[in-house]
Amino acid sequence: MRKLLSVLLVVALVAVVFTGCKKEEPATAIKIGLVTDVGGRGDQSFNDSAMRGLETWAAKKAYVQGGGYSDLSDADYAKSLEDYAPDLTDKGIVAIPNIQPVILESKSQEDYIPNLTKLAADEGCTMIIGVGFMLSDAVYTVAKEYPGTKFMLIDAVPADPVTYAPLPDLPNLVCYLFKEEQCGYLVGAIAGMATKTNKIGYIGGVPVPPVNRYQAGFLAGIKTTNPTAFGKNGAAVSQVYANSFIDQPKGKQIAQTQIASGADILFHAAGATGNGMFEAIKEAGGPGKGLWGIGVDVDMGKNPNLYPDGTLTCAIKHVDYSVYMATKSIVDNTFTGGVITLSLLDGGVGWAADHVGDVLSAAQIAQIENLRQMIIAGTVTPPEDPAPAAVGAWVAPTSY
Amino acid sequence: MSDNRNIVRWIRSAFGFDRQSNGRGDPLKILVPLVSIALALILGMVVIAVSGRDPFEAYALLFGDSGLIPGSASWKREFAELLLKTALYSATGLSIAMAFKAGLFNIGAEGQFWVGAIAATFIGYWGPFAHLPRVIHPAVCILFAMLAGGCWAALAGYLKVKRGVNEVIGTIMLNWTAWFLITGWLVLGPMAPIATKFISGTYYIAETAKLTRIMPPTRLNTSILIALVAAYATWFLLYKTTIGYEIRAIGHTAVLGMEAPRAQGINVNKRIVQAMFLAGALSGLGGAFFILGLQFQFPNTAIMGYGWTGIGIALIGQGEPFGVILSSLFIAALRTGATSMQVAGIPKTFSNIIEGLAVGFIALQVAVRFYLVKLMERRRLRKAAPESKEAV
Amino acid sequence: MNALEVRNVCKMFPGNLANDNISLAVRKGEIFAIVGENGAGKSTLMNIIYGIYSPTSGEILVNEKPVRIRSAEDAIALKMGMVHQEFMLIPRFTVTENIVIGDEPHKGIFFDYKRAVREVRDLSERVSLSVHPEAQVCDLPVGAQQRVEILKVLRRGAEILIFDEPTAVLTPEETGELFITMRKLQAEGKTILFISHKLKEVMEIADRIAVLRRGKLQGIVEKQDTSEEQLARMMVGRDVVLEIPHVESHVGAEAFACHDIHVRNNRGFEAVKGVSFKVHGGEIVGIAGVQGNGQDELVNAMIGFTRPLSGSMELNGSNMRLVTTAALRKQGMSYITEDRARRGLVMPYTVRDNVVMGQHLVRPFSNGRGGMRFDKIAEFAEGKVREYDIRPGDIYDTAGSLSGGNQQKLILARELSLPHNFLIASQPTRGLDVGATEFVYHKLLEEKQAGKAILLISLELSEIMGLADRILVLFEGRIVGETTPDKTTEEALGLLMLGVGVDTKVAS
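Residues numbered from 1 in each chain as written. Chains lettered and ligands numbered in written order. Predicted model: local features only at pLDDT ≥ 70, side-chain atom pairs only at ≥ 80, totals over all residues. Heavy atoms only, no water.

With respect to the packing of helix α6 (residues 109–125) of chain B against helix α8 (residues 167–186) of chain B
All names here are of chain B. Contact pair α6 / α8: the axes reach a minimum separation of 8 Å and the direction vectors enclose 35°. For the element pair α6 and α8, the recorded crossing hand is left-handed. Together, Glu110, Gly111, Gln112, Trp114, Val115 and Ile118 of α6 and Thr171, Asn175, Ala178, Trp179, Ile182 and Leu186 of α8 make up the contact between the two elements. Across the contact of α6 with α8, the residue classes break down as seven nonpolar, four polar and one charged. (Axes fitted to C-alpha atoms, helices over the stretch in contact; angles between N-to-C directions. Helix = DSSP H or I, 4+ residues; strand = E, 2+ residues; numbered from the N terminus. Left-handed = near helix turned anticlockwise from the far one by under 90°. Contact = heavy atoms within 4.5 Å. Nonpolar A, V, L, I, M, F, W, Y, C, P; charged D, E, K, R; others polar.)

Written out as structure tokens, the structure reads:
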């Protein structure tokens, strides 16, 4: 027993000595914190996009595999913009000096609050970004507790747990929402034109509101350009939920089933689950067999880890741009609390050209561009609710 | 002096290495996990050093901000997080330890955790219970969570004794069933509020159903106290009651298909189902902790990993209830401190590596034991004098 | 020419000399039988020849050349083959797959199933062992499964075939067919070793017969020079280990009775075929018999482990046919098992925890509300350790750390302290040394004097003759004789046990 206690004592002592030598960071930098959801770095999608907005575009830093940052060369900076933001060239994205990103990945759901709190209390971050729907409650709680720190929440508006109405705005919390139904609508219109079999598949991750909006827009787009493939109330479109954002095999399995039943254009709004869709398309023969996949959130046609050759187009949601905008608002001192909704109008959402030119005629592409302008002008408003009745009742434009 | 003796004796029996519960009092039972953890920490240092970072700095951050060591400004908050995690992990850890004692491998703690969580959520928001007083409401939620988790696991026990379905297969099957039932149906349909733009997952539990916070302003709640009570109750049940006596006898004879307990008239089948029920109830308790103390609703992504964490914790804890509490504390400390390592640019992977190594060494405990025995033997020979009784 | 010869083979197990200086030579082309009781050393000898055990001393010659056999692979390479008592077949595979497994014909890298089927068909026609090459093994009757097993051995080119109790699982018809096969193989020039304890069969098939007893070779005889009676005498021997004091019995009331009990074994065959007997207080009823004649199944039925197919069982006047072990124990049954490790004790439990198992639910060992009273249990255990002289004597030693004799004392301490009036003692001295054996005898006689009813099941004739007041002889699941020690001799009993004078055809 005595020996045991002494061992424990030594361990404790050593640990105490260790704690005495914490490093201090230079004080001049503006610290911007970011907390990922459980998907974390490398999800090829949502979290990566947010981190790109902060690390690459705002701070002009390159993440070193394993941890830490190095400076990013001008050429790499330009390449990132070229790859991921060809549609944002007019937005004037340039590096913001003195930005120091502090990123915390969440291992599990109970980590959200401590991670946010740590950035606010210990790291002295000027602004803290919560990535994704899952952090909604946590960001609101911590933002209320630390009124001196600014917070940004992506994809969600905190809601009251009893009435389910949006909670009153906090002056230090800005929520960014996206009009996913708009970009979903455009890729749906493309899918409706591209399909040869008049069978289109949709794979959803988990039916959270942003995913629902993608689905609603996608169905409306198909309804506009190809009523046959839409069917009655969207019944002709195969719509399957994987109930997970991280279950790649499940995504693959769903896609295989859809391909087997004749679908030739597949769209997913399922995060990493959707990677399985590209795998399935690749294995089934890809464009050689007339099969195309449509990516989501970022331009997956630029991602060599996925399947660029079989990516028809992508419904882009510029999370990266929203993070950049919020960061810039801190430096410019223009930060205000409330809800900001990004749409086609301000470049928050869009579609990627990828292989559209190989499949659609120039006239058809012009029609898509027309539809885009009509949405911006407000003459077309894609629905937000994917329920069959709601989409069925939505009236598609006839001339475009 | 005699007081001191009593404390020592109690600690020994609590960790299952006294002579009474463990024959010749096995010092290895506590040495093996300690040595495994030490080896993991040393090897972890090597890994960090090889990756080009300062291992001392990394460990300073890891343990400095783990909540174990008081002093820093953020200690109180980290301490709170540490204990919250400890409670959460110890629940599934206890569950698996309980099943181990009966010779069962409860790989379904994960599913039982979900079932417990969904039951706690339901009782937490359901109208008829929504106006229960503050202390009663969470108690009722916990009760139902434990019942639900217990029944879910007992089903696997029933399949084992009646249909000969190995409990590993049975519980994995039930994990999938729970997964589809909950994330594929309950969370989307019957338990979700009417379609709204701003919410996902189930209804939120009532304010009265939340666990009481015991150290404001942190979110530390009563879950840690309940976990300690659960550990004590598990220990008491296993070592002080007739049911525990029978369960352990069954566990000791389960592996080789021995039948001594049966020949003595013990109803082995009944006890197996009961042991599974108890194991499931403990997992369900973890689910209740998660809902009533942290999340307040069942989110519509699944809550992943607590069952698997529990396996590692039960292994490190040597399947003893209080060992489980200590090993939960260790794992919780690693995970709490990992946040600070991330801030310093050391990825969270390193704490995962240390965790994995510790569990790995425990899994290799046959080997660790072998070398420890050899080492002790050699020392004994060199001393050539009788060891003091204290070391036993 | 000798196909196989063993010279001065000894095999020492801890505390047991299993083979004691055995030398024998098997001529090429003969059927050579090895007989002996269970535990006589037959299986040990075969396992040495087949490379599963290595001998402590002695040498083996194959075709008159000294060889070293370290594994079954070595034995197969020396053209030996063993047909095991428990078939080593994969039930879901076809006959062909089972026969060629481990040595499959190939076409490129693929298994050439068609060729395999052809080979198996050719082989089975050549040796006239009819099997359907494409049938699934699990669909075949036991006799056909055995033919598959033989074909498997033949396909590997075996010249010396070892049959380990091959008839134990066969019906008389199948046994007849097997003997025809064996003759055919002999005609082909194969050498056959045939292990058995069934004297009738041995006399029917073997050319020469070796008798083992207690690890020693008693002699090798030509078939025409011997008789079943002589073989039985050689097998059973005459040496009595211990003087057992005679205790007068005062027969009391009936404690246990069973009537026309039928029990299946775990293979689904009926192993107890209508047994009836009664046990009264103050008497020891001995059940004598060669192992495997239904003793295990009978005990399993009596302790509630298996349900008898039919028949009635009464303990102290209550019907006990369909009850649990717990109910039987409550009704006053105690049970001493020969299988201490599997059935008797929880080895990792301490002496203290083992000694109350079975009465741990009653006061004072439990507080009546589900809690254990370990202080009382420790007190009780201390007392029993002294009373039964269980060494080393620390109640916190695990049962597994005790010697066999002390383990048995612990079991006795436990079972005899349970409230009981009927004691089943199943081979209570198996594996015990003389001292412990004497202790067990002493305790059993004490029990008898105390008026308990005792059923003693034993393979040791001397034990039965010394202890029992009445003796029942179990043969092939039936009681074929009842006698008392003063009316019979060990020789007569031995013959009865081996079925000599019992018409097996009628019995089955």
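Let's talk about the interface of chain B and chain C
Listed per partner, the contact involves 26 residues of chain B and 34 residues of chain C. Approximately 2600 Å² of surface area, both sides summed, lies buried where chain B meets chain C, with 54% of it carried by carbon and sulfur atoms. Counting every contact that joins chain B to chain C gives two salt bridges. A salt bridge links B:Glu259 to C:Arg343; its shortest N-O distance comes to 2.8 Å. At the boundary of chain B with chain C, the tally comes to 16 residue pairs in polar contact (both at pLDDT 80 or more). At the level of elements, α2 (19–22), α9 (223–240), α10 (242–254) and α11 (260–263) of chain B are the ones that each hand at least two residues to the side of chain B that touches chain C. Broken down by element, the side of chain B that touches chain C gets its largest block of residues, eight residues, from α10(B). Residues that form the side of chain B that touches chain C fall into these classes: nine nonpolar, 10 polar and seven charged. (Buried area = accessible area lost by both parts, 1.4 Å probe. Salt bridge = Lys/Arg side-chain N within 4 Å of Asp/Glu carboxyl O. Polar contact = N/O pair within 3.5 Å; in protein donor to acceptor, adjacent residues only side chain to side chain.)

Observations concerning the nonpolar core
Counting residues in hydrophobic clusters, the biggest one holds 211 residues, and the most contacted among them are B:Leu292, C:Ile150, C:Leu161, C:Phe163, C:Met182, C:Phe194 and C:Ile209. For C:Ile209, the contacting residues outside a window of four places in its chain are C:Ala33, C:Val35, C:Val202, C:Met203, C:Gly219, C:Ile220, C:Val221, C:Lys223, C:Thr226 and C:Leu231. A:Ile103, A:Tyr176, A:Tyr307 and A:Phe335 belong to the second-largest nonpolar core, a separate cluster that totals 124 residues. (Core = buried A, V, L, I, M, F, W, Y, C linked by side-chain atoms within 4.5 Å. Buried < 20%, exposed > 50% of the residue type's maximum accessible area, 1.4 Å probe, protein only.)

Regarding the side chain of C:Ser458
Residues and elements named next belong to chain C. By the element assignment, serine 458 lies in strand β20 (residues 453–458). For serine 458, a relative accessible area of 2% puts it in the buried group. Leave out the neighbours within four places in its chain, and serine 458 touches Ile287, Ala288, Gly289, Gln427, Glu463 and Ile464.

So, the sheet that holds strand β13 (residues 254–264) of chain C
All names here are of chain C. If you trace the four strands from one edge of the open sheet to the other, you get β14-β13-β16-β17, paired in antiparallel fashion. If you trace the sheet from one side to the other, it starts and ends with β14 (270–280) and β17 (318–319), each paired once. Summarising the sheet, β13 and β14 pair through eight bridges and their orientation is antiparallel. Across the sheet, the residue bridging to cysteine 258 is phenylalanine 277, located in β14. (Pairing = 2+ DSSP bridges.)

Description of unusual backbone geometry
Omega for the bond connecting B:Pro216 with B:Pro217 falls within 30 degrees of zero, at 5°, which places this linkage in the cis form. Its place among the elements puts B:Pro217 in the loop between α8 and α9. Look at the link from C:Arg363 to C:Pro364: it is a cis peptide, with omega at 0°. Note on placement: C:Pro364 falls in the loop between α12 (351–355) and α13 (374–388). A positive phi angle, close to 80°, is found at A:Asp155, a residue other than glycine. Assignment of secondary structure puts A:Asp155 in the loop between β6 (150–154) and β7 (173–178). Judged by its relative accessible area of 5%, A:Asp155 is buried. The residue C:Asp389 is not glycine, and still its phi comes out positive at about 55°. Within the fold, C:Asp389 resides in the loop between α13 and α14 (404–417). Residue classification places C:Asp389 among the partly exposed residues on the basis of a relative accessible area of 30%.

Describing the side chain of A:Arg52
Looking at the secondary structure, you find A:Arg52 in helix α2 (residues 46–58). In this view, A:Arg52 contacts A:Trp57, A:Ser80, A:Tyr84, A:Val298 and A:Asp320; residues no more than four positions away in its chain are not counted.

Here's the deal with the pattern of salt bridges
Oppositely charged side chains can form a pair if their charged atoms are brought close together. As enumerated under the stated definition, the model contains 51 salt bridges over all chains in all. Across the pair A:Glu181 and A:Lys179 runs a salt bridge whose closest N-O atoms are separated by 3.6 Å. Two residues, C:Arg342 and B:Glu259, come together in a salt bridge whose shortest N-O distance is 3.7 Å. Placement of C:Arg342 in helix α11 (residues 340–344) and of B:Glu259 in the loop between α10 and α11 is noted, with the two residues assigned to different chains. The class for B:Glu259 is buried, based on a relative accessible area of 15%.

Looking at the interface of chain A and chain B
On the side of chain B, 56 residues touch chain A, which itself brings 49 residues to the contact. Taken over both partners, the interface formed by chain A and chain B buries close to 4600 Å², and the fraction arising from carbon and sulfur atoms is 59%. The interface formed by chain A and chain B holds five salt bridges in total. Here B:Lys85 makes a salt bridge to A:Glu110, at a shortest N to O gap of 3.8 Å. If you tally residues by element for the side of chain A that touches chain B, the top one is helix α1 (residues 2–19) of chain A, at seven residues.

Quick notes on the arrangement of the chains
Considering every one of the two pairs of chains in contact, the largest contact total is recorded for chains A and B. Of all C-alpha pairs spanning chain A and chain C, none lies closer than 20 Å, and the two are not in contact.

Comments concerning the pairing of strand β11 (residues 208–213) of chain C
All names here are of chain C. Burial analysis of β11 places six of its six residues in the buried class, the great majority of the element. Burial along β11 is two-sided: Arg208, Ala210 and Leu212 and Ile209, Val211 and Arg213, pointing in opposite directions, are all buried. As judged from the four bridges shared by strand β3 (residues 31–35) and β11, these two strands associate in the parallel manner. Note that in β11 the partner of phenylalanine 32 across the bridge is arginine 208. As paired strands, β11 and strand β12 (residues 216–222) are joined by six bridges and run antiparallel to one another. Residue valine 211 lies in a different strand from β12, and its bridge partner there is glycine 219. The antiparallel pairing of β11 with β12 creates a hairpin that spans two residues between the two strands, and arginine 214 there sits at a positive phi of about 50°.

Side note on the packing of aromatic side chains
How two aromatic rings sit relative to each other is given by the distance of their centres and the angle of their planes. Counted under the stated rule, the structure contains 32 aromatic pairs over all chains. Here the aromatic rings of B:Trp176 and B:Phe180 are separated by 6.1 Å at their centres, their planes lie at 25°, and the arrangement is stacked. Of this pair, B:Trp176 and B:Phe180 both sit in helix α8, separated by four residues, roughly a single helical turn. A connected cluster of aromatic rings, assembled from ring pairs, spans A:Tyr164, B:Phe122, B:Tyr125, B:Trp126, B:Phe129, B:Phe144, B:Tyr203 and B:Tyr204. (Phe/Tyr/Trp six-rings, centres within 6.5 Å; stacked < 30°, edge-to-face > 60°.)

Section: the state of the cysteines
Two cysteines whose sulfur atoms are joined by a covalent bond form what is called a disulfide. Summed over the entire model, instances satisfying the criterion amount to zero disulfides over all chains. Of all cysteine sulfurs in the structure, the one in A:Cys175 sits closest to A:Cys125, which takes part in no disulfide; the separation is 18 Å. The exposure class assigned to A:Cys125 is buried, which follows from its relative accessible area of 4%. The structure places no disulfide on B:Cys141, whose sulfur is separated from the nearest cysteine sulfur, that of B:Cys151, by 17 Å. (Disulfide = S-S within 2.5 Å.)

Quick notes on helix α12 (residues 268–295) of chain B
Because an α-helix packs 3.6 residues into every turn, residues spaced three or four apart end up facing the same way. Look at α12(B): 39 Å from first C-alpha to last across 28 residues, which is about the 40 Å you get at 1.5 Å a residue. Most of α12(B) sits inside the fold, with 22 of its 28 residues counted as buried. (Expected span 1.5 Å × (residues − 1).)

Focus on the confidence of the model for chain B
Overall, the predicted model of chain B reaches an average pLDDT of 85, with 85% of residues at or above 70. This stretch, residues 384–392 of chain B, has a pLDDT under 50; its non-local contacts, to residues over four places away or in other chains, come to 10 contacts. (pLDDT = per-residue confidence, 0-100.)

What to know about the environment of B:Thr222
All names here are of chain B. Note that threonine 222 resides in the loop between α8 and α9. Measuring from C-alpha to C-alpha, the distance between threonine 222 and alanine 87 comes to 9.2 Å, with 135 residues separating the pair along the chain. Ignoring anything within four residues of it in the chain, the contact list for threonine 222 reads Leu211, Thr212 and Ile214.

As for the domain arrangement of chain C
Accessible area lost during the coming together of the parts is what is often quoted as the interface size. All names here are of chain C. What the domain assignment reports for chain C is domain 1 (2–236), domain 2 (250–332 + 420–508) and domain 3 (345–418). At the junction of the two partners, domain 2 supplies 10 residues and domain 3 supplies 10 residues. Between domain 2 and domain 3, roughly 920 Å² of surface is buried when both sides are summed, and carbon and sulfur atoms account for 68% of that area. Connecting domain 2 to domain 3 are one salt bridge. (Domains from an automatic or database assignment.)

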